[in-house]
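Report on the structure
The lines below spell out each chain.
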Amino acid sequence: MSMTFAEEAARRRTFAIISHPDAGKTTLTEHLLLAGGAIRLAGQVAARGERRRTQSDWMKIERDRGISVSASVMTFEHAGLMFNLLDTPGHEDFSEDTYRTLTAADSAVMVLDAAKGIEPQTLKLFEVCRMRDIPIITFINKMDREADDPFALLDEIQDKLQLDTAPLYWPAASGNRFAGMLDLRNEDFLPFEKAPAADKMEAGDQERIALSGNSVAAAMDEEVLEELRENAELAAEALPKMDTKAYLEGHMTPVVFGSALRHFGVGELLQALAEFAPEPRPQSAERKGEQVELKSADKEVAGFVFKIQANMDPNHRDRIAFLRLCSGPFKRGIRMKTSEGKQINIHNPLMFMAQDREIAENAYAGDVIGVPNHGQLRVGDTLSESGELSVGGIPNFAPEILRRARVSDPMKTKHLKKALESLAEEGVTQLFRPAIGSDMIVGAVGALQIDVMAERVAAEYGLDVVFEAAPYNVARWIACDDAKTLGAFLDKNKSATGTDLDGAPVYLAKNAWDVGYVQEKNPDIRFTATRERAV
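First, a word on what this report is: a plain description of the structure on this page. Since the structure is predicted, the reported quantities are computational estimates derived from the model, not experimental observations. (Residues numbered from 1 in each chain as written. Predicted model: local features only at pLDDT ≥ 70, side-chain atom pairs only at ≥ 80, totals over all residues. Heavy atoms only, no water.)

1. Some details on the overall build of the protein chain
Secondary structure assignment for the protein chain yields 15 helices and 34 strands. When the 535 residues of the protein chain are sorted by exposure, 56% land in the buried category. Counting only carbon and sulfur atoms, one obtains 48% of the accessible surface of the protein chain, whose full area is about 23,100 Å². (Helix = DSSP H or I, 4+ residues; strand = E, 2+ residues; numbered from the N terminus. Buried < 20%, exposed > 50% of the residue type's maximum accessible area, 1.4 Å probe, protein only. Areas by Shrake-Rupley, 256 points an atom, 1.4 Å probe, with all protein chains shown as cover.)

Spelled out as C-alpha cells, the structure:
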C-alpha cells in the first residue's frame with residue numbers, strides 16, 4: 001500500500017552530527033552508515049596514505065589532513081525510516097558552514113570524547129543548536145580508552161549546557177577494563193568486543209545477555225560487575241528518566257555510551273534516533289509580508305538553499321545547491337521559483353551519499369536534494385512553486401582574517417576573480433571589493449579556510465594564488481535608514497569602504513578601535529558583525 005506524501009514526510013529523520021575536532025565525529029558517521037546498511041566497509045580515518053578514505057570526507061585536503069572541512073549529506077533507509085545525515089565540519093575555522101548546515105537539521109547528535117568531556121567547539125555548536133531549538137542526543141565516545149567518571153561527564157553536561165541527562169545505557173568501566181554497557185530500561189547487558197565480526201557490524205545488532213544470568217560473569221571480572229551494578233542502580237535512582245517531550249523541547253538529552261571505532265553503541269545510537277528524533281518540523285517563512293509556517297503536510301513544494309558546492313565532480317565542473325525541502329511532494333521535473341521570481345526547472349535533482357549521487361524521482365519534506373545550476377542559486381535562496389515564500393535568511397559572520405589575493409601570472413587576474421567569486425558563493429570564504437583600486441580582499445574565520453581556498457583554486461582552476469597581508473584587519477557591514485546619509489558616508493570614506501559579493505556596503509578598517517571611532521562620529525550609521533543573506 002503506497003503512502004501519502006504526508007506519511008512519507010513523517011518517516012524522515014534529518015539530523016546533524018556536532019563535535020569538537022578529534023572527538024570521533026567522522027568515524028561515528030561512517031559507522032552509522034554501516035549500521036544503517038548504507039555502506040559495506042567503514043572508512044579507515046586513522047589509516048595512512050591510500051587506505052585513508054571515508055565516505056563523508058571526499059575533498060583532497062580532507063583526506064590528506066584527516067579532518068572534515070566541508071559539510072556533506074548522506075541519505076539512507078533503516079528500520080522503516082529515511083535518515084538524512086548532515087556531517088558538519090568539526091574545525092572551528094569552518095563554524096559558518098556548520099551553522100548553515102544546522103539550519104537544515106531537525107535534531108543533532110553531540111559527540112563527546114569520554115576523556116575530555118565538553119570542549120570549546122562543542123560548546124559553540126551547542127549554542128547554535130540552542131538558538132534554533134534543535135533537540136540533541138549525546139554519544140559519549142571512546143569508552144574503550146581511559147575515560148572520565150560517567151557521573152562527572154553527565155554533571156558537566158548539566159552544568160555547562162543546562163541540559164538534564166537521561167542515560168539510556170550505563171558503561172561497565174572504561175579503557176582496558178571496559179566490558180560493555182547495561183541497557184537501563186530493560187536490564188540487558190551488551191558485551192564489548194574489540195574486533196566485532198563484519199556481519200554483526202553491518203546488521204547493526206548487538207548481542208545482549210541478561211544481567212541476572214550466569215553468562216554475564218564471562219563478559220567481565222567480578223570487580224567490574226559489582227561496580228556496574230552499584231553505579232547503574234545509583235544512576236537509575238538519581239538521574240531523570242527519559243522524557244520525550246522534554247527532549248523535543250531542548251531541555252533533556254538522552255545519552256548513549258560507546259566506541260565508534262569499535263562499532264560499539266553505534267546501533268543503539270541509531271535506535272535512539274529512530275525512537276526519539278523528530279519528524280520534519282515546521283519552518284518559519286514569510287508570504288507577501290506575512291509570517292507563515294511551512295509544514296511537511298502542506299501541498300505546495302517549498303525549500304531553502306543552505307549550501308552551495310562546486311566541483312564535487314571535477315570532470316564536469318558541476319555546481320550543486322543543497323535544498324532542504326520543507327513541504328509538499330517534490331517530483332523530478334518540477335518548476336520552482338525563487339522569491340525574486342527567478343524560475344528554476346529541476347530536471348536532474350540528486351540524492352547524496354557523500355560525493356556519490358543518484359537521480360531523485362521523488363522527495364519529501366525533511367529530505368535534502370541537490371539542484372544542479374550554473375550560478376542562478378545562492379545560499380539563503382528560497383524555492384517554492386508560487387515564488388511567494390521566503391524562509392528566514394542565513395547570516396554571514398564578519399571575518400577575523402582579511403587577505404589580499406594575488407595571482408602569480410597577471411594575465412590570469414580575471415580567472416582568479418571568477419574562481420574567488422565562485423568559492424565565495426559557496427561560503428568557503430567571503431570576498432570584498434574596496435571602492436578604490438582593483439584589489440580582491442578575501443575574508444575568513446580562520447587560517448585553515450585560506451589554506452582550503454588556495455588548494456581548491458590550484459586544483460580546480462589551475463591558478464597559483466598568493467594571499468598577502470591586506471591593508472585592513474576588520475570588516476563590518478554598514479546600513480542606514482536614510483539612503484542619502486549612507487551615500488554621503490560612502491562618498492566621504494571611499495578609501496575605507498567597499499562591497500561584499502552581494503553588493504552590500506562594507507566598512508574596511510585597520511582595527512576595532514577605528515570602527516568604534518567612526519561609529520561614534522556617525523551615530524546614524526549601523527556597523528554590524530553579521531548580515532542576513534538575501535532570500
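2. Some details on the environment of Thr485
Inspection of the secondary structure assignment puts Thr485 in helix α14 (residues 483-492). Of the residues examined, Thr485 reaches a relative accessible area of 29% and is grouped as partly exposed. Thr485 sits 39 residues away from Asp524 along the chain, and the two C-alpha atoms are 7.9 Å apart. Excluding anything up to four places from it in sequence, Thr485 contacts Cys480, Asp524 and Ile525. (Contact = heavy atoms within 4.5 Å.)

3. Quick word on the sheet that holds strand β32 (residues 505-509)
With antiparallel pairing, eight strands are arranged side by side in an open sheet as β29-β26-β28-β27-β31-β32-β30-β33. The sheet terminates laterally at β29 (465-469) and β33 (526-528), the two strands that pair on one side only. Along the sheet, successive strands turn relative to each other by an average axial angle of 40 degrees, direction set aside. Two strands pair when backbone bridges link them, and strand β30 (residues 474-479) and β32 are joined in this way by four bridges, in the antiparallel orientation. Residue pairing in the sheet places Val474 in a bridge with Ala509 of β32. Sheet strands touched by helix α12 (residues 413-426): β26 (401-407), β27 (430-434), β28 (441-444) and β29. Its angle to β27, the strand with the most contacts, is close to 130 degrees. The sheet strands contacting helix α13 (residues 447-461) are β26, β28 and β29, and the helix crosses β29 at an angle near 150 degrees. (Pairing = 2+ DSSP bridges. Axes fitted to C-alpha atoms, helices over the stretch in contact; angles between N-to-C directions.)

4. Focus: the nonpolar core
Core analysis: the biggest nonpolar cluster contains 111 residues, and Leu28, Leu32, Val109, Trp170, Phe189, Met220 and Phe330 have the highest contact counts within it. Counting residues in each nonpolar core, the second largest holds 19 residues, with Leu416, Val428, Val442 and Val452 among its members. (Core = buried A, V, L, I, M, F, W, Y, C linked by side-chain atoms within 4.5 Å.)

5. Topic: the packing of aromatic side chains
Going through the model one piece at a time under the given rule, you end up with 16 aromatic pairs. Plain terms: the ring middles of Tyr247 and Phe276 are 6.4 Å apart, the flat faces sit at 65 degrees to each other, and that makes the pair edge-to-face. Of this pair, Tyr247 sits in helix α10 (residues 244-248) while Phe276 sits in helix α11 (residues 266-276), and the two are 29 residues apart along the sequence. Residue classification places Tyr247 among the buried positions, given a relative accessible area of 0%. Ring geometry for Phe322 and Phe352: centres 4.7 Å apart, planes at 10 degrees, overall stacked. Highlighted residues: Phe322 in strand β15 (residues 319-327) and Phe352 in strand β19 (residues 350-353), separated in sequence by 30 residues. (Phe/Tyr/Trp six-rings, centres within 6.5 Å; stacked < 30°, edge-to-face > 60°.)

6. Describing the sheet that holds strand β13 (residues 290-294)
Read from one edge to the other, the open sheet built from three strands follows the order β13-β12-β24, with strand pairing classed as antiparallel. With partners counted over all chains shown, the strands left at the sheet margins are β13 and β24 (389-391), one partner each. With strand direction ignored, the average angle separating the axes of adjacent strands in the sheet is 40 degrees. Strand direction decides the pairing type here: strand β12 (residues 283-287) and β13, joined by five bridges, are antiparallel. Within β13, the position partnered with Ser284 by the bridge is Glu293.

7. With respect to the side chain of Thr75
With respect to the helices and strands, Thr75 occurs in strand β2 (residues 72-78). Within the structure, the side chain of Thr75 is placed 2.9 Å from the side chain of Asn84, a separation counted as a polar contact. (Polar contact = N/O pair within 3.5 Å; in protein donor to acceptor, adjacent residues only side chain to side chain.)

8. As for the pairing of β28
Judged by which residues are buried, β28 turns out to be covered on both faces: Ile441 and Gly443 on one side and Val442 and Ala444 on the other are all buried. Sheet topology places β26 next to β28; four bridges connect them, and they run antiparallel. Bridged to Arg404 within β28 is Ile441. Count of turn residues in the β27/β28 antiparallel hairpin: six residues, of which Gly437 carries a positive phi of about 95 degrees.

9. Focus: the packing of helix α2 (residues 25-35) against α11
One way to put it is that α2 packs onto α11 with a least axis distance of 9 Å and a crossing angle of 75 degrees. As judged from the angle between their axes, α2 and α11 are roughly perpendicular. Contacts between α2 and α11 involve Leu28, His31, Leu32 and Ala35 from the first element and Val266, Leu269 and Leu270 from the second. For the contact of α2 with α11, the residue count by class is six nonpolar, one polar and no charged. (Parallel < 35°, antiparallel > 145°, perpendicular 65-115°, else oblique. Nonpolar A, V, L, I, M, F, W, Y, C, P; charged D, E, K, R; others polar.)

10. A closer look at helix α6 (residues 150-161)
Under the 1.5 Å per step criterion, the end-to-end length of α6 is 16 Å for twelve residues, consistent within 8% with the ideal 16 Å. Listing the buried residues of α6 in full gives Pro150, Phe151, Leu153, Leu154, Glu156, Ile157 and Leu161. A side-chain oxygen of the first residue of α6 lies 3.1 Å from the backbone nitrogen of Phe151; this N-cap is Asp149. Immediately beyond the C-terminal end of α6, within one or two residues, lies Gln162, with a positive phi of roughly 55 degrees. (Expected span 1.5 Å × (residues − 1).)

11. What about the environment of Gly443?
Note on placement: Gly443 falls in strand β28. Once the C-alpha coordinates of Gly443 and Arg404 are considered, the two residues, 39 residues apart in sequence, prove to be 9.0 Å apart. Once residues lying within four places of it in the same chain are set aside, the contact partners of Gly443 are Pro399, Ile401, Leu402, Thr429, Gln430 and Phe432.

12. Points about a negative patch on the surface
On the surface, a cluster of negative charge is made up of Asp221, Glu222, Glu223, Glu226, Glu230, Glu233 and Glu237. Mapped onto the elements of the fold, Glu230 is located in helix α9 (residues 222-238). For Glu230, a relative accessible area of 54% gives the class exposed. (Patch = residues over 30% accessible without salt bridge, like charges linked within 9 Å, V, L, I, M, F, W, Y side chains within 5 Å. Salt bridge = Lys/Arg side-chain N within 4 Å of Asp/Glu carboxyl O. Lys, Arg positive; Asp, Glu negative; His and termini not counted. Charge placed at Lys NZ, Arg CZ, Asp CG, Glu CD.)

13. Describing the pattern of salt bridges
If you walk through the whole model with that rule in mind, you get 29 salt bridges. We note a salt bridge from Lys160 to Glu156, for which the minimum N-O separation is 3.1 Å. Within this pair, Lys160 and its partner Glu156 are both found in helix α6, separated by four residues, close to a single helical turn. Linking Lys288 and Glu388 is a salt bridge whose minimum nitrogen-to-oxygen distance equals 3.6 Å. Of this pair, Lys288 sits in the loop between β12 and β13 while Glu388 sits in the loop between β23 (382-384) and β24, placing them 100 residues apart in sequence. Residue classification places Lys288 among the exposed positions, given a relative accessible area of 67%. Glu388 gets classed as partly exposed once you look at its relative accessible area, which sits at 31%. Here the salt bridges do not stand alone but share partners, grouping Glu8, Arg11, Arg12, Glu77 and Asp367 into one network.

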